[in-house]
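Residue strings, one per chain:
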Amino acid sequence: MRLLLLNGPNLNLLGQREPGLYGHHTLKEIERELCARATEAGVQLDCFQSNFEGALVERVHQAMGEVNGILVNAGAFTHTSIALRDALLGVAIPYVELHLSNTHAREAFRHQSFLADRAVGVVSGFGAFSYDLAFDGLLNHLRRTAA
């Protein structure tokens, strides 16, 4: 089984950017820990981050026929990108939306997600642990549906 971890804009600044809100873990640390968990679970995990919407859309397109599921922290694109939504729906790969912070406890414009209604699930508010929860949820979903 192969999964894709997709991270959007500004997540490359984790550990430096508003650590009180997003925590002290860097994206590289999160990716390294999640890749280790994936290896233990017998899963290949590919990681991709971009600050550019088009690059994220292209990576989703490339995932078609290659991956079984996508973990997506689209950052601010969660609330703005119909293009990313259309890409995820177009490739028809199950995905879990995730966020470090609780988006519903933040500014009103962060309460709307263009991805959530078609996601397998949404995880938010648990800091770096959101990645673990999203991974476990997606893996469980994929294994259940494959059985």
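Rules behind the numbers
Residues numbered from 1 in each chain as written. Predicted model: local features only at pLDDT ≥ 70, side-chain atom pairs only at ≥ 80, totals over all residues. Heavy atoms only, no water. Core = buried A, V, L, I, M, F, W, Y, C linked by side-chain atoms within 4.5 Å. Buried < 20%, exposed > 50% of the residue type's maximum accessible area, 1.4 Å probe, protein only. Helix = DSSP H or I, 4+ residues; strand = E, 2+ residues; numbered from the N terminus. Contact = heavy atoms within 4.5 Å. Arc of directions from axis to C-beta. Polar contact = N/O pair within 3.5 Å; in protein donor to acceptor, adjacent residues only side chain to side chain. Expected span 1.5 Å × (residues − 1).

Asks: Explanation requested: the nonpolar core in the structure shown.
Replies: Most often, soluble globular proteins have nonpolar side chains that are buried together. By size, the foremost hydrophobic cluster in this structure holds 21 residues, and its most contacted members are Leu 3, Leu 34, Leu 45, Leu 71, Tyr 131 and Phe 135. When residues of this core are traced back to their parent elements, those giving at least two are β1 (2–7), α2 (27–40), β4 (95–99) and α5 (129–146). At six residues, the largest contribution of residues to this core is made by α5. Contacts of Leu 3, omitting those with residues within four sequence positions, involve Val 43, Gln 44, Leu 45, Asp 46, Val 67, Asn 68, Gly 69, Phe 135, Leu 138 and Leu 142.

Asks: Explain helix α4 (residues 82–91) to me, please; I cannot follow it from the model alone.
Replies: In an α-helix, one turn spans 3.6 residues, which is why side chains three or four residues apart end up on the same side. For α4, the full list of buried residues reads Leu 84, Arg 85, Ala 87, Leu 88 and Val 91. Taken down its axis, α4 places every buried residue within 160° of arc, on the same side. Looking at the buried side of α4, the elements it contacts are β1, α3 (53–63), β3 (69–73) and β4. The N-cap residue of α4 is Ser 81: its side-chain oxygen and the backbone nitrogen of Leu 84 are 2.8 Å apart. Directly after α4, the chain includes Ala 92, whose backbone phi takes a positive value near 55°.

Asks: How do you make sense of α2 when you look at a structure like this?
Replies: Helix length check: α2 (14 residues) gives 20 Å between terminal C-alpha atoms against 20 Å at 1.5 Å per residue, within 8%. Within α2 the residues assigned to the buried category are Leu 27, Ile 30, Glu 31, Leu 34 and Ala 38. For α2, the angular spread of the buried residues around the axis is 95°, confining them to a single face. Along α2, the residues that are exposed and aim more than 90 degrees away from the buried face are Lys 28, Arg 32, Thr 39 and Glu 40. Buried residues along α2 sit in contact with β1, β2 (44–49), β3 and α5. At the exit of α2 stands Gly 42, carrying a positive phi of roughly 75°.

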